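What follows is the residue order along each chain.
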Amino acid sequence: MSLESLHDLYLEQIRDLYSAEQQIIDALPKMIEAATDQKLSAGFSKHLEQTRVQAGRLERIGQRMEERVTGKKCKGMAGLLKEGEEAVDEDGNPEIIDAGLIAAAQRVEHYEIAGYGCARTYAEALGLDDDAAVLQQTLDEEAETDELLTNISMSILNPDSRADIVVEREVDQPTRRGRGWSDEPEARA
Ligand code: FE
Ligand code: FE
């Protein structure tokens, strides 16, 4: 696609993120199965639910633009998940394997944080306030997941140094921006 405007770039970034989320949806069940630590598998399961919601938000952004969000492959995420698969296939000490799974998952979260941060900023620049709010909501979830993974990693590697970690099942927390955006498909005006 030819990039003539910020809007073109924005759409391309949304498609890239959509591909990334779809690849994560395919990969997470293997990570859940490979994880030994119960908090880690629960954290991955929660993030799988969140990821499905995040993909739905991108579909609705596409619908508002009357553009499809499919058709692009995020090669960066493919590479990160390939590394994640190497961690899934390792044998050895379960706690060390869990730490390796977390290292792979945190790379994924940081990549998503970079992508969603750019897309949110483009949406703001384009005056697409509803899009900016939902992209920020996803960005907040990715950052929370990253922090949770750090805490779980610390608890696995140094069990004495932590307070109990609670993985909440609720997927849809209100965002910092609190614009009252809902994940329900909206009626087209
Ligand atoms: Fe995501
Ligand atoms: Fe994520």
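Cut-offs applied
Numbering of residues starts from 1 in every chain and runs along the sequence as written. Chain letters and ligand numbers both follow the written order, the letters beginning at A and the numbers at 1. Given that the model is predicted, a residue must reach a pLDDT of at least 70 before its local features are reported, and side-chain atom pairs must reach 80 or more before they are shown or counted; all residues, however, enter totals for whole chains, interfaces and linings. Calculation of side-chain values draws on the structure's entire complement of heavy atoms; hydrogens and water are dropped beforehand. Secondary structure elements are defined from DSSP: runs of H or I of at least 4 residues count as helices, runs of E of at least 2 residues count as strands, and each element is numbered from the N terminus. Think of it in three bands: residues with accessible area under 20% of the maximum for their type are buried, residues over 50% are exposed, and the middle band is partly exposed, with areas taken using a 1.4 Å probe on protein chains only. Any two residues whose heavy atoms approach within 4.5 Å are treated as being in contact. Working definition of accessibility: Shrake-Rupley area with a 1.4 Å probe, residue cover restricted to the visible protein chains. By definition here, a salt bridge exists when the distance from a side-chain nitrogen of Lys or Arg to a carboxyl oxygen of Asp or Glu is within 4 Å. A cavity, in this analysis, means grid points on a 1 Å lattice covering only the protein atoms where a 1.4 Å probe fits yet has no way out; a pocket is instead an open set bounded by protein on both sides within 12 Å along at least five of seven lines, and a residue lines either one if it has an atom within 4 Å of a point. Grid points are joined across faces, edges and corners, and a volume is the space filled by probe spheres set on the points. For Na, K and Ca the donor cutoff is 3.2 Å, while for all other metals N, O and S atoms must lie within 2.8 Å; water is not among the atoms, so some sites may look incomplete. Values of pLDDT, the confidence the predictor places in each residue, fall between 0 and 100. One less than the number of residues in a helix, times 1.5 Å, gives the span that helix is expected to have. Summarising the geometry, the arc corresponds to the directions from the helix axis toward the C-beta atoms. Each patch is built from residues that are more than 30% exposed by relative accessible area and take part in no salt bridge. Like charges join if they lie within 9 Å; nonpolar side chains (Val, Leu, Ile, Met, Phe, Trp, Tyr) join within 5 Å. Only four residue types enter the charge count, namely Lys and Arg as positive and Asp and Glu as negative; His and the chain termini do not. A single reference atom marks each charge: NZ on Lys, CZ on Arg, CG on Asp, CD on Glu.

Quick look at the overall build of the protein chain now. When you go through the protein chain residue by residue, the secondary structure sums to 5 helices and 0 strands. When the helices and strands of the protein chain are listed from N to C terminus, the series reads α-α-α-α-α. By residue count, 48% of the 189 residues in the protein chain fall in the buried class. Look at the contacts in the protein chain between residues 6 or more apart in sequence, and 79% of them connect residues 24 or more apart. Total accessible area on the protein chain stands at roughly 9,900 Å², and carbon and sulfur atoms take up 49% of it.

Counted under the stated rule, the structure contains 6 salt bridges. One salt bridge connects Lys 72 with Asp 16, and the closest N-O pair in it is separated by 3.0 Å. Placement of Lys 72 in the loop between helix H2 (38–65) and helix H3 (75–89) and of Asp 16 in helix H1 (residues 6–34) is noted, with a sequence separation of 56 residues between them. Taking the relative accessible area as the measure of exposure, Asp 16 reaches 16% and is therefore buried. Note that Glu 85 is salt-bridged to Lys 30, the shortest N-O span being 3.7 Å. Taken together, the residues span a long stretch of sequence, with Glu 85 in helix H3 and Lys 30 in helix H1 at a distance of 55 residues. Owing to a relative accessible area of 40%, Glu 85 belongs among the partly exposed residues under this scheme.

On to empty space enclosed by the protein, then. Remark: the empty space left among the atoms is shown by a probe the size of a water molecule rolled over them. Scanning all chains against the criterion turns up 2 cavities of 30 Å³ or more. In this structure, the largest cavity occupies an estimated 140 Å³ of space. Along the walls of the largest cavity sit 16 residues, with Leu 28, Met 31, Phe 44, Ala 105 and Glu 109 positioned nearest its centre. Elements supplying a minimum of two residues to the lining of the largest cavity: H1, H2, H3, helix H4 (94–125) and helix H5 (129–157).

Take the coordination of the iron ion (ligand 1) next. For a metal with four tetrahedral donors the ideal donor-metal-donor angle is 109.5 degrees, whereas six octahedral donors ideally subtend 90 or 180 degrees. Within the protein, the iron ion (ligand 1) binds to Glu 21 (OE), Glu 21 (OE), Gln 54 (OE1), Glu 112 (OE) and Glu 142 (OE); these donor distances fall in the range 2.1 to 2.4 Å. The distance between the iron ion (ligand 1) and the iron ion (ligand 2) comes to 3.2 Å, with Glu 112 serving as a donor to both metals. Taken together, the residues Gln 54 in helix H2 and Glu 142 in helix H5 connect sequence positions 88 residues apart. Exposure class is identical for Gln 54 and Glu 142. Each is buried.

As a further point, take the confidence of the model for the protein chain. Mean pLDDT over the protein chain works out to 89, with 85% of the residues at or above the 70 mark. Across residues 174–182 the pLDDT falls below 50, and counting only partners more than four positions away or on other chains, this stretch makes 14 contacts in the model.

With 15 residues, H3 should cover 21 Å at 1.5 Å per step; its first-to-last C-alpha distance of 21 Å lies within 8% of that length. Looking at H3, one finds that the buried residues are Met 77, Leu 80, Leu 81, Gly 84 and Ala 87. An end-on view of H3 places all buried positions within 95° of arc, on one side of the element. Exposed and facing more than 90 degrees away from the buried side of H3 are Lys 75, Lys 82, Glu 86 and Asp 89. For H3, the secondary structure elements touched by its buried residues are H1 and H4.

For the rest of this paragraph, the subject is a negative patch on the surface. A surface patch of negative charge is lined by Glu 83, Glu 86, Asp 89, Glu 90 and Asp 91. Within the fold, Asp 91 resides in the loop between H3 and H4.

So, on to the environment of Val 108. Looking at the element boundaries, Val 108 is found in helix H4. Taking C-alpha positions, Val 108 is 10.0 Å from Ala 78, a pair spaced 30 residues apart along the chain. Ignoring sequence-local partners within four residues, the contact set of Val 108 consists of Ile 24, Met 77, Leu 80 and Leu 81.

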